[in-house]
Number of protein chains: 2
Amino acid sequence: MDLSLPESATIVEMLPRDGFQRYPEFIPTDEKVELIDALSTTGVDEIEFTSFTHPKAVPSLRDAAEVAERIERRDDVCYRALVPNTVGMERAIDADVDKVNALVVISDGYREKNQGMSLEENLEQVEAIVDLADGTDIEVEAGLGTSFFCPYDGEIDAEQTLSVVDRVLEAGVDEVTLATTMGMADPRQVTERLSAVYDRHPDADVGLHLHDTNGMSLANTLAAMQCGVSRFDTSVCGLGGGTILPGGLGDVGNTPTEDLVNMLHDMGVRTNVDEERLLEVATNVADRLDLGTPSRALMGGTREQVLETAETEPSRKK
Amino acid sequence: MDLSLPESATIVEMLPRDGFQRYPEFIPTDEKVELIDALSTTGVDEIEFTSFTHPKAVPSLRDAAEVAERIERRDDVCYRALVPNTVGMERAIDADVDKVNALVVISDGYREKNQGMSLEENLEQVEAIVDLADGTDIEVEAGLGTSFFCPYDGEIDAEQTLSVVDRVLEAGVDEVTLATTMGMADPRQVTERLSAVYDRHPDADVGLHLHDTNGMSLANTLAAMQCGVSRFDTSVCGLGGGTILPGGLGDVGNTPTEDLVNMLHDMGVRTNVDEERLLEVATNVADRLDLGTPSRALMGGTREQVLETAETEPSRKK
């Protein structure tokens, strides 16, 4: 038995979009900019730094354009923004983003609540977004919400997801990312679905967007890597989730970036992330947003920290 | 890409030993008996219900013999006890257990603090335990502590672990279980080490004892199943850990049984566990021992619960 793992992985940081949108208070623009700039220094490859959604739909990200203007752009980071439609795409072009995440929600229950569109309308928006990107330097990634499970519709049929993958690739997106929006996917499902995607589209650039309600997201990551996926969306401190998901803050979270990176590095899968710096930034995020100790790595769950604790803290016995 | 998963898995419940020993207060015998009897009704295959250790070494389990006498034995449950040496084995025989977990700790740093023995002395105890079991109905499982990582010695060399596996199998134990004592194993390590065990001992009955400090334990379970392992030690509410491990309660835990079972059932791997009943018992344990919501399944992270929440709680938006 041999695990077939990639040599390296690409880390996409979601805190400024998935996290800030789910946070119960509006995070002031100054603080957003400061935190995004800090995330830019950790070595993550890409940051989804905001969402060009209607300010009334997601008021917590209503300062998207200002954030785009004020953050410090580093050459080694790809700055991506979510766009739900062509209006958002036009704002994203004006904001000079490197990449957009063109959102498609697969399940009707979630999409209707979230975007109020039919699947066909949603896919037409993606086609139009690709057209708008044409002739610019902007890359288009299609993020497929509820690729596995919807809190309103239950398990999503594989064929439903696969047909949307077909459509967005036909539309000409550069990358496609399956999202475990509700954090309820399991490794068998991930394996079956991703294998089927590669069977149909062997050369596609496929990623996995990770939420972790059921605690299986690192197992899902392992399953995905064995299928050939090496690009993962996660959020520092695990903060994040769709604004219309049921449950409160803390019930629905993304996979903490620091836990994913800890696993990849322990396994010898390289990333560009400086783990020590990432933990510093995560500690700062947890403090400022009052998140407690929201990840295993922040609880001391890296090998280095365990060895340090064992040296400095007396054991409970003796 | 196809996950090779077992059709079914064996669940060994560790709360009464790993959990009660780590709990900061002595749990009264009445309460222990009541909780063990409740665990017996969940469908778990096996319960490590106590440890026949010296009462001064682990005072929280000093009532082992009384617990053994007072619990209600069910035919469909295997009642196992930890024995660190032949003195413990004699007490276990008197207590009429079905199986013993003959503990061997692989790393010197942990073993010296925990048992004050050399590896050779520890292995001699296992040989003597097997001799004592001979002619009784008691099965012997060897539980190999720090099979992957030791908080005092760091990463454990594969050859060290493999040579101990060789020795206990030669000694004639019925089963061998590799333990992630500090909860710091990663899936690549698990795969490499378990594959090597099966390469040397294709017919051995091999299990994995799961702690989860680094959050990778479900990924480790997935890796282990792909190697052929289908027996897992976990603890309801994730309560547990060696008494001499660094860190406090909550920093070091076992994998919650309810999270493991949730993953196995989602993936279509059968167990004998009644998930609904398990969640009831876990809720009761969390309440009585004041553990908060210590697992994903207790936070609402099963598919059934998510669908219920989505129906009954208004979404945060609109």
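Residues numbered from 1 in each chain as written. Chains lettered and ligands numbered in written order. Predicted model: local features only at pLDDT ≥ 70, side-chain atom pairs only at ≥ 80, totals over all residues. Heavy atoms only, no water.

An unreviewed UniProt entry annotates chain A as Hydroxymethylglutaryl-CoA lyase of Natronorubrum texcoconense. Turning to chain A, the UniProt annotation filed under Sequence similarities (unreviewed entry) states: "Belongs to the HMG-CoA lyase family." (UniProt positions renumbered as here; feature names shortened; annotations may be inferred.)

A. Main features of the relation of the copies chain B and chain A. Once turned by 180° and shifted 0.0 Å along the axis, chain B lies on chain A with an RMSD of 0.0 Å. Given the turn and translation reported, the copies of this chain are related as if by a two-fold rotation axis. Residues of chain B ranked by C-alpha distance from the rotation axis are headed by B:Ala219, positioned 1.9 Å from it. Comparing interface residues between copies, 100% of those in chain B also sit at the interface in chain A, which points to an isologous, same-surface contact. (Least-squares fit on C-alpha atoms with pLDDT ≥ 70 in both. Contact = heavy atoms within 4.5 Å.)

B. Structural view of the nonpolar core. Grouped together as the largest cluster of nonpolar side chains are 209 residues, with contacts concentrated most on A:Phe49, A:Leu144, A:Val168, B:Phe49, B:Leu144, B:Val168 and B:Leu178. Not counting residues up to four positions away in its chain, the partners in contact with A:Val168 are A:Val104, A:Leu123, A:Val126, A:Ala142, A:Leu144, A:Val173 and A:Val176. (Core = buried A, V, L, I, M, F, W, Y, C linked by side-chain atoms within 4.5 Å. Buried < 20%, exposed > 50% of the residue type's maximum accessible area, 1.4 Å probe, protein only.)

C. Region of interest: the sheet that holds strand β10 (residues 231–234) of chain B. Here we have eight strands rolled up into a closed barrel, ordered β1-β2-β3-β4-β5-β8-β9-β10 (chain B), and parallel in their pairing. The average undirected angle you get between the axes of adjacent strands in this sheet is 25°. (Pairing = 2+ DSSP bridges. Helix = DSSP H or I, 4+ residues; strand = E, 2+ residues; numbered from the N terminus. Axes fitted to C-alpha atoms, helices over the stretch in contact; angles between N-to-C directions.)

D. Region of interest: the interface of chain B and chain A. Taken residue by residue, the interface counts 60 residues in chain B and 61 residues in chain A. At the boundary of chain B with chain A, the tally comes to six salt bridges. One salt bridge in this structure joins B:Glu155 and A:Arg303, with 3.3 Å as the shortest N-O distance. There are twelve residue pairs in polar contact (both at pLDDT 80 or more) connecting chain B and chain A. Only α5 (108–114), β6 (149–150), β7 (154–155), α8 (187–200), α9 (217–227), α10 (257–266) and α12 (303–312) of chain B provide two or more residues apiece to the side of chain B that touches chain A. In terms of residue count, α9(B) provides more of the side of chain B that touches chain A than any other element does, six residues in total. Here the side of chain B that touches chain A is composed, by residue class, of 29 nonpolar, 18 polar and 13 charged. (Salt bridge = Lys/Arg side-chain N within 4 Å of Asp/Glu carboxyl O. Polar contact = N/O pair within 3.5 Å; in protein donor to acceptor, adjacent residues only side chain to side chain. Nonpolar A, V, L, I, M, F, W, Y, C, P; charged D, E, K, R; others polar.)

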